[in-house]
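Listed here are the chains, written in short residue letters.
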Amino acid sequence: MDRLLLKGGRVVDPVEKKIWTADVLIDGGRIAALGPDLEPAGAAVMDVRGKLVCPGFIDMHVHLREPGYEAKETIETGSRAAARGGFTAVVCMPNTDPVADNKAVIAYIKARAEQLGLVRVYPVGAITRGSRGEELTEMAALKEAGAVALSDDGRPVSSASVMRRAMLYARMVGLPIISHCEDTSLSAGGVMHEGYMSTILGLPGIPAAAEEVMVAREIILAEHTGCRVHIAHVSTAGSVRLIREAKSRGVPVTAEATPHHLTLTHRAVAGYDTSTKVNPPLRSEEDVQALREALADGTIDVIATDHAPHTPEEKEVEYQLAPFGVVGLETAVGLVWTELVGTGILSPVEAVCKLSLNPARILGLPGGVIRVGGEADITVIDPHAEEVVDPSAFASKGRNTPFAGRRLRGLPVATIVRGRVVFSRGLAVVA
Amino acid sequence: MKWKRKDLLGLQDLSAEEIALVLDTAASMKEILSRPIKKVPALRGRVVANVFYEPSTRTRVSFELAAKYLSAESVSITASASSVVKGESLKDTALTLAAMGADVVVLRHPLAGAPHLVARTVRCAVINAGDGFHEHPTQALLDLFTVREKKGTLAGLTVAIIGDILHSRVARSNIWGFTKMGARVRLCGPATMMPPGIEVTGARVCATVEEALEGADVVMALRIQKERQQEGLFPSLREYTGLFGLTRERLALARPDALVMHPGPMNRGVEISAAVADGPRAVITEQVTNGVAVRMALLYLLAGGGAVDG
């Protein structure tokens, strides 16, 4: 399918902040024409009337687990999950085994993704060797191999001195740093948000301060070094205040929030369901409210999933023994449309900014907007389509979702990468 | 009313009527304990499995005796002696016990929520005999039973719980139990060991031990564990005793007929002075006797036994 015409859809333009009715002609993996009433001229036609035609969604925080943890997920199953969830590209974290702290692992991930030909996969390189928080990685080499950012994600750099040097060096190399903000001396032993629910359930808590102390440190270091810093999965009202204030002073900081932190509170942990165990933890009602406000006012730039698959064996244990993490690729768009667009917190254009344009800009990736001559990465949304979340239908190996059984309205119905339809449901294509 | 629950996981879930039913049933059981031959055939042929992943003497022996007095078969498994050391998961241990025909699994576990995992896994009844810092419902029920027996009622009483609330499953279960039965609960302890948001349970946090004790009908001292000092939660036992130790002088602030309780094992001279522990208001050994009666009541209700006198 070299030529494809998307006919009659509502095209979302996050740069011009508008939605207009237009056809999109794709030819050879690029956008060939964009405008009303285009002629097929031999192209296959996909009828997308009543659908939103969006620049391809980019999930800038996923764990694909390969190499090293293929029982949890592989680049293939993770890519299929991304396609099914409406993402044309994913940015994968380096906490594999071996850690993505060298060119070989970065090159392997890229090669495997290209071989699969599903979604685009952009690897993140480690900040320190083995993510041990001591020696810097060869950041220039990682960039050359294809790394789009640097992070030690779940093993946050505890030494402020190491992080300061990492920022100086990353700035020189021209890569942003993504920081999972957690002071592990404050979070040690904790398994859920510290608050009245941890008190009732008798589970060790992770105080909001464990995140906020580190957010403050990263902002201060970003300001002094000039390094672009992206705060991963913001979860507390205090972090939001710090980021908002830093942005107002022009500190080069951006931020993301996950669908689960935007829609669930620590109350979900009642019953000790380990699919609610995630780091940072599900926070209080006030925190969720603050995150939603921050999303609406632009303090939070990006919605990313922190897709973290685990095997059922790992999760079917005592709450404190279960690993942290929830899967998110196949529920994110539906949750955003149901809980954030459907409730008026975000307009459809703003949602597309958070899911496509902003992550593309922060990481310097192609896409983010549909333009003639640009890459034909497109996500089609049916704002009226509904489904009940059924983990057994996931393409991901991970079933660890806290959203099983939840009704979603507004779903991805086609995912097009480099002009190729890698996922579609209920859409007819006429050759 | 009739008992309808499959499991007893915590007092948070129970209604006042359900708690009253357990206490009333325990009163009948206590009468059996006063007989020269303390045995009824109510649970003949039923099997109770006591699964203890944490060392415990009084709770385990109490459940074992309760089962024996009701003529149930009981087996006790401790973590070190079982296949747990071979790496068997809690889920598989539970399935194995259920497959062997256990009617009731009594579970003591160091991690909160472990009984919930077992209860979801097996069809037989599960009794939480203490899970992490979450709940210890049978201890609270025996405390409620003891107080009700002494005071005639629970409604309107003021209960002061002093000590390490953060790490106390006994405190949590007692807060739910006493509050549901119409008593007021006051808490006092080091700020580093007072869990955040505990007020949502209905308990009130007092700034000083004097404020907590003033006019109290029941005073409960909790065990302070030495390891908490190494964790940096309090500076020394000397300072702890100075600020929170239950002494005769402090007890004088409570009502003259106040009861003194302790879930055991006690650190004499630390959280409670010997004079108070051995004094006329202490009901600490009666708590132990009542523990057997309460556990008999629970086994009886959960295993669906026949007539008590059979």
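For the structure itself, consult the block above.
Residues numbered from 1 in each chain as written. Chains lettered and ligands numbered in written order. Predicted model: local features only at pLDDT ≥ 70, side-chain atom pairs only at ≥ 80, totals over all residues. Heavy atoms only, no water.

**Some details on helix α5 (residues 137-151) of chain B**
Residue and element names in this part refer to chain B.
Phase 1 of the analysis: The first and last C-alpha atoms of α5 sit 21 Å apart over 15 residues, in line with the 21 Å expected at 1.5 Å per residue.
Phase 2 of the analysis: Counting buried residues in α5 gives eleven out of 15 residues, a clear majority hidden from the surface.
Phase 3 of the analysis: One or two steps after α5, the chain reaches G152, where phi turns positive at roughly 85°. (Helix = DSSP H or I, 4+ residues; strand = E, 2+ residues; numbered from the N terminus. Expected span 1.5 Å × (residues − 1). Buried < 20%, exposed > 50% of the residue type's maximum accessible area, 1.4 Å probe, protein only.)

**Describing the sheet that holds strand β6 (residues 57-62) of chain A**
Residue and element names in this part refer to chain A.
Phase 1 of the analysis: Ordered by their spatial adjacency, three strands build an open sheet running β6-β7-β8, and the pairing between neighbours is parallel. Here the strands that pair on one side only, and so sit at the sheet edges, are β6 and β8 (120-123). Put simply, the sheet's adjacent strands are angled 20° from each other on average, direction ignored.
Phase 2 of the analysis: Where β6 and strand β7 (residues 87-92) come together, four bridges link them in parallel fashion. In the sheet register, F57 faces β7, and the bridge partner there is F87.
Phase 3 of the analysis: Sheet strands in contact with helix α2 (residues 103-116) are β7 and β8, and its direction is about 175° off that of β8. (Pairing = 2+ DSSP bridges. Axes fitted to C-alpha atoms, helices over the stretch in contact; angles between N-to-C directions. Contact = heavy atoms within 4.5 Å.)

**What about the pairing of strand β4 (residues 44-47) of chain A?**
All names here are of chain A.
Phase 1 of the analysis: With four bridges joining them, strand β1 (residues 3-13) and β4 adopt parallel strand pairing. When the bridges of β4 are listed, L5 appears paired with V45.
Phase 2 of the analysis: Bridge count for β4 against strand β18 (residues 429-430) is two bridges, and the pairing is antiparallel. Residue pairing in the sheet places V45 in a bridge with V430 of β18.

**What to know about the packing of aromatic side chains**
Phase 1 of the analysis: Following the criterion strictly, the structure yields three aromatic pairs over all chains and no others.
Phase 2 of the analysis: Aromatic pair Y240 of chain B and F244 of chain B: ring centres 5.4 Å apart, planes at 40°, arrangement tilted. With Y240 of chain B and F244 of chain B both in helix α9 (residues 237-244) and four residues apart, this pair spans about one turn of that helix.
Phase 3 of the analysis: The lysine or arginine in question, K18 of chain A, covers the ring of W20 of chain A, its NZ or CZ lying 4.7 Å from the ring centre.
Phase 4 of the analysis: Above the face of the F324 of chain A ring, K277 of chain A is positioned so that its terminal group lies 4.7 Å from the ring centre. (Phe/Tyr/Trp six-rings, centres within 6.5 Å; stacked < 30°, edge-to-face > 60°. Lys NZ or Arg CZ within 6 Å of the ring centre and 35° of its normal.)

**Observations concerning unusual backbone geometry**
Phase 1 of the analysis: For the peptide bond that leads from E66 of chain A to P67 of chain A, omega is 5°, which places it in the cis range.
Phase 2 of the analysis: Here P67 of chain A shows up in the loop between β6 and α1 (75-84).
Phase 3 of the analysis: With an omega of 0°, the peptide bond running from N279 of chain A to P280 of chain A counts as cis.
Phase 4 of the analysis: Secondary-structure assignment places P280 of chain A in the loop between α9 (259-263) and α10 (285-297).
Phase 5 of the analysis: Phi at K17 of chain A takes a positive value of approximately 55°, unusual for a residue other than glycine.
Phase 6 of the analysis: Here K17 of chain A shows up in the loop between β1 and β2 (18-27).
Phase 7 of the analysis: Overall, K17 of chain A belongs to the exposed group, its relative accessible area being 55%.
Phase 8 of the analysis: Here S71 of chain B, not a glycine, exhibits a phi torsion of approximately 70°, which is positive.
Phase 9 of the analysis: Mapped onto the fold, S71 of chain B is located in the loop between α2 (58-69) and β2 (73-78).
Phase 10 of the analysis: Residue class for S71 of chain B comes out buried when judged on its relative accessible area of 14%.

**Comments concerning empty space enclosed by the protein**
Residue and element names in this part refer to chain A.
Phase 1 of the analysis: Under the defined criterion, the tally for this structure stands at seven cavities of 30 Å³ or more.
Phase 2 of the analysis: Here the largest cavity is characterised by a volume of approximately 60 Å³.
Phase 3 of the analysis: Taken together, P55, G56, I58, T88, A89, R120, Y122, P366, G367, G368, V369 and D377 form the lining of the largest cavity.
Phase 4 of the analysis: Secondary-structure elements contributing two or more residues to the lining of the largest cavity are β7 and β8.
Phase 5 of the analysis: Here the lining of the largest cavity is composed, by residue class, of six nonpolar, four polar and two charged. (1 Å grid on protein atoms, 1.4 Å probe; cavity = no way out; pocket = protein on both sides within 12 Å on 5 of 7 lines; lining within 4 Å. Points joined across faces, edges and corners; volume = space filled by probe spheres on them. Nonpolar A, V, L, I, M, F, W, Y, C, P; charged D, E, K, R; others polar.)

**Side note on the sheet that holds strand β5 (residues 158-162) of chain B**
Phase 1 of the analysis: Taken in spatial order, the five strands make up an open sheet running β7-β6-β5-β8-β9 (chain B), and their pairing is parallel. Of all strands in the sheet, those bounded by a partner on one side alone are β7 (204-205) and β9 (259-261) of chain B.

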